[in-house]
Amino acid sequence: MCSPYRPSNSGFYWVRKRVPDDLRHIIGKREIKRSLKTTDPREAKRRALSVCAEIDQLLVNAKRSLTMGAAEMDALQGEYYRSRVSAITAEADKEGWLPEHYEMMADQLADITETNLPSQLDHAAYEEHRTAAASQWGIRAIQKTLRDQGVTPPARLLEKLGERAFRAELAAYHAAYAKTYGDPLWQPPVYGTAALTNSQTLPELFTQYAASVQLPPKTVDSWRGYIDRANKYFRGKPASVITKQDIRSFAEALQQGNKEASPKGRPLAAKTVNDNYIASLSAVYKWAIEREKLETDPTKRVRVTARAKETAGIEQYTREQVATILRATRQPQPARTKQETRNVRRWAPWLAAFTGARIGELLWLRREDVRTSDGVYFIAIQPDTKGGARGIKNRSSIRSTPLHPAIIEEGFLDYWRSLPEGTEYLFPGDWSDKDGDRAKAPANKLREWIKEQLPDADWQRLSPNHSFRHWLVSECRTAKIDGDRQRVITGHGQKDVHGRYGAADVRTLYNDIKTIQSPLPPLVTQAQSH
């Protein structure tokens, strides 16, 4: 666990993570702690992503050090060798070395093993002394490579690695000479191309990715679930060895409801598999490749095809169903229902039905987002500029949508005006969850309430909150509203800049939307004044 907490003896938030028993002798402690240097819980959660990624990388490197074998030793020797060939070649070009300079430098290096020889050594002792001298020189020389790779080999391996670094140094002089002057007899060492493979798992890479791109906390939570489920399906294999066939198998298992992959063993729609699971995995792999942590992306061109029963998508409500829901908003609510819940039930369905706004857009509206222009009241849907967690789906979602006459006649403006001065949100209430999202909880409550109003509806095809949006699109077509203006009203993508409308155009949009007939007669006989 690596999440922010605030200890009793500090005003700042911290993170901590337990060091596994087998790594404590390398890390040198039982627990890693880091101060986030902030008292703001939201800022602490954002900073924790980066700090936790650093801690995870430290533990990964320690684990690599613990399990280092012949392949890792070859790779470190190869990393050192390649860096020295480049450095020697650059120095030789700068200083104008002649062929004999390369040989002279190699000879000077070889002489190191002959210095300070004790007297009267037998052959075995002589070789042991030369090996120790080479190892000590190499240990000092390879430290930068070890720091760059973030590994700390155990003492017994470090001695061998030092000796290997010494041999790699000699080989680097020969390689630099062959590169500059040519040597038909030169054969590169077998370790010359060896490189460390990334042993990090998908969750470890995801933590670093989320911190690097500053992924929103809400997205981090949802994507981590997808990544963790994939990691479990792959039995914790390093991300570098996961194949395209592995990814394809995982995607198909999700679609088929395989219990090893799918949550609760339920078959998932192709859109869910592609847009959530594959998309999150693909983002991690692309990021890792850009930073040279991985070489291949096994998610590339892997997608599942929608089954026949999936192609219908979300259906729209009928006019009768919309009428039933809107009629229910007028009925008295149970006495135990909180006022903030009553407000959402009373007005969110009307706004959803006649503006086509997404339920999240409506529940995030501030009191000041209800505005007027040219005598027309409208709602302004826009990104949050006040530090909240509200976002918008895309650029087309920024829009000014006029209020249909049915909403005005229903008394919505009276509700809006009744909100006390200083009220921040159109639907007040302590709704925010741990991520600061104030729309999720009321949206879920509204969803269940709408289902109660239509007990016989096909909820496999309908979406309680979203089917309003599809209904309005259909009503716009029936009313023969221009396609560009339809898309503006509902916040769908525009073909070009000419399809964009702002607050100054709400009269035009109002003249369109008022042609849509309400499925319910007005609550009052005389329309309320604008």
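Above this text you will find the structure in question.
In this report, we go over the structure that sits alongside the text.

Rules and cut-offs
- Residues numbered from 1 in each chain as written.
- Predicted model: local features only at pLDDT ≥ 70, side-chain atom pairs only at ≥ 80, totals over all residues.
- Heavy atoms only, no water.
- Pairing = 2+ DSSP bridges.
- Helix = DSSP H or I, 4+ residues; strand = E, 2+ residues; numbered from the N terminus.
- Axes fitted to C-alpha atoms, helices over the stretch in contact; angles between N-to-C directions.
- Parallel < 35°, antiparallel > 145°, perpendicular 65-115°, else oblique.
- Left-handed = near helix turned anticlockwise from the far one by under 90°.
- Contact = heavy atoms within 4.5 Å.
- Nonpolar A, V, L, I, M, F, W, Y, C, P; charged D, E, K, R; others polar.
- 1 Å grid on protein atoms, 1.4 Å probe; cavity = no way out; pocket = protein on both sides within 12 Å on 5 of 7 lines; lining within 4 Å.
- Points joined across faces, edges and corners; volume = space filled by probe spheres on them.
- Patch = residues over 30% accessible without salt bridge, like charges linked within 9 Å, V, L, I, M, F, W, Y side chains within 5 Å.
- Areas by Shrake-Rupley, 256 points an atom, 1.4 Å probe, with all protein chains shown as cover.
- Salt bridge = Lys/Arg side-chain N within 4 Å of Asp/Glu carboxyl O.
- Lys, Arg positive; Asp, Glu negative; His and termini not counted.
- Charge placed at Lys NZ, Arg CZ, Asp CG, Glu CD.
- Buried < 20%, exposed > 50% of the residue type's maximum accessible area, 1.4 Å probe, protein only.
- Phe/Tyr/Trp six-rings, centres within 6.5 Å; stacked < 30°, edge-to-face > 60°.
- Lys NZ or Arg CZ within 6 Å of the ring centre and 35° of its normal.

## Notes on the pairing of strand β3 (residues 370-373)
Next, step 1: Pairing of β3 with strand β4 (residues 376-381), which is carried by 4 bridges, proceeds in the antiparallel orientation. Within β4, the position partnered with Thr 372 by the bridge is Tyr 377.
Next, step 2: Taking the residues between adjacent antiparallel strands as the criterion, β3 and β4 are bridged by 2 residues, where Asp 374 takes a positive phi near 55 degrees.

## A look at the packing of helix α13 (residues 339-355) against helix α17 (residues 440-453)
Next, step 1: One can describe the packing of α13 onto α17 by two numbers: an axis separation of 10 Å at closest approach and a directional angle of 70 degrees. On the basis of the axis angle, α13 is roughly perpendicular to α17. Crossing angle aside, the handedness with which α13 passes α17 is right-handed. Between α13 and α17, the contacting residues are Thr 341, Val 344, Arg 345, Ala 348 and Pro 349 on the first element and Pro 442, Lys 445, Leu 446 and Trp 449 on the second.
Next, step 2: Residues belonging to the contact of α13 with α17 are distributed by class as follows: 6 nonpolar, 1 polar and 2 charged.

## Some points on the sheet that holds β3
Next, step 1: Pairing is antiparallel in the open sheet, where 3 strands are placed in the order β3-β4-β5. Only two strands of the sheet have a single partner each, and these edge strands are β3 and β5 (399-402). Mean inter-strand twist for the sheet, computed between neighbouring axes without regard to direction, equals 40 degrees.
Next, step 2: Bridge analysis of β4 against β5 gives 4 bridges, and the strand direction is antiparallel. Its bridge partner lying in β5, Ala 380 is registered against Ser 400.
Next, step 3: Most of the contacts of helix α20 (residues 506-513) go to β5, to which it runs at about 45 degrees, and overall it touches β3, β4 and β5.

## Let's talk about the layout of surface pockets
Next, step 1: If you add up the space inside the second largest pocket, you get close to 900 Å³.
Next, step 2: Along the wall of the second largest pocket there are 35 residues; nearest its centre are Lys 17, Asp 56, Pro 203, Glu 204 and Thr 207.
Next, step 3: When contributions to the lining of the second largest pocket are tallied by element, the ones reaching two or more residues are α2 (41-66), α3 (70-95), α8 (202-212) and α9 (217-233).
Next, step 4: Take the lining of the second largest pocket: its biggest share by element is 9 residues, from α2.

## Things to note about the side chain of Asn 231
Next, step 1: Note on placement: Asn 231 falls in helix α9.
Next, step 2: Once residues lying within four places of it in the same chain are set aside, the contact partners of Asn 231 are Thr 201, Leu 202, Pro 203, Gly 236 and Lys 237.

## Thoughts on a negative patch on the surface
Next, step 1: Taken together, Glu 100, Glu 103, Asp 107 and Asp 111 make up a surface patch of like negative charges.
Next, step 2: Relative to the elements of secondary structure, Asp 107 occurs in helix α4 (residues 99-111).

## What about a positive patch on the surface?
Next, step 1: Positive charge collects at one region of the surface, where Lys 244, Lys 286, Lys 300 and Arg 301 lie side by side.
Next, step 2: If you trace the backbone, Arg 301 turns up in the loop between α11 (270-290) and α12 (319-329).
Next, step 3: Residue Arg 301 is classed as exposed on the basis of its relative accessible area of 73%.

## Overview of the packing of aromatic side chains
Next, step 1: Considering all chains together, one arrives at 23 aromatic pairs under this definition.
Next, step 2: Taking 4.7 Å as the distance between ring centres and 50 degrees as the angle between the ring planes, the aromatic pair formed by Tyr 226 and Tyr 277 counts as tilted. Of the two residues, Tyr 226 is situated in helix α9 and Tyr 277 in helix α11; the sequence distance between them amounts to 51 residues. The same class applies to Tyr 226 as to Tyr 277, namely buried.
Next, step 3: A ring pair is formed by Tyr 317 and Trp 459, whose centres lie 6.5 Å apart and whose planes are at 85 degrees; its orientation type is edge-to-face. Of this pair, Tyr 317 sits in the loop between α11 and α12 while Trp 459 sits in the loop between α17 and α18 (467-478), and the two are 142 residues apart along the sequence.
Next, step 4: Ring pairs connect the aromatic residues Tyr 226, Tyr 233, Phe 234, Phe 250 and Tyr 277, which therefore count as one cluster.
Next, step 5: In this structure, Arg 346 packs its charged tip against the face of Trp 347, placed 4.2 Å from the ring centre.
Next, step 6: Note that Arg 438 overlies the ring of Tyr 425, its terminal NZ or CZ placed 3.9 Å from the centroid.

## Observations concerning the pattern of salt bridges
Next, step 1: As enumerated under the stated definition, the model contains 29 salt bridges in all.
Next, step 2: With its nearest N and O atoms 3.6 Å apart, the salt bridge here joins Glu 127 to Arg 130. Linking Glu 127 with Arg 130, this pair stays in helix α5 (residues 123-141), spanning 3 residues, or about one helical turn.
Next, step 3: One salt bridge connects Arg 485 with Asp 512, and the closest N-O pair in it is separated by 2.3 Å. One end of the pair, Arg 485, is in helix α19 (residues 483-490); the other, Asp 512, is in helix α20, and 27 residues separate them in sequence.

## Quick word on the environment of Ile 88
Next, step 1: Its location among the elements puts Ile 88 in helix α3.
Next, step 2: Ile 88 sits 137 residues away from Gly 225 along the chain, and the two C-alpha atoms are 48 Å apart.
Next, step 3: Discounting chain neighbours no more than four positions away, the residues touching Ile 88 are Trp 97, Ala 172, Tyr 173 and Ala 176.

Function cannot be inferred from these measures alone, as they are strictly geometric.
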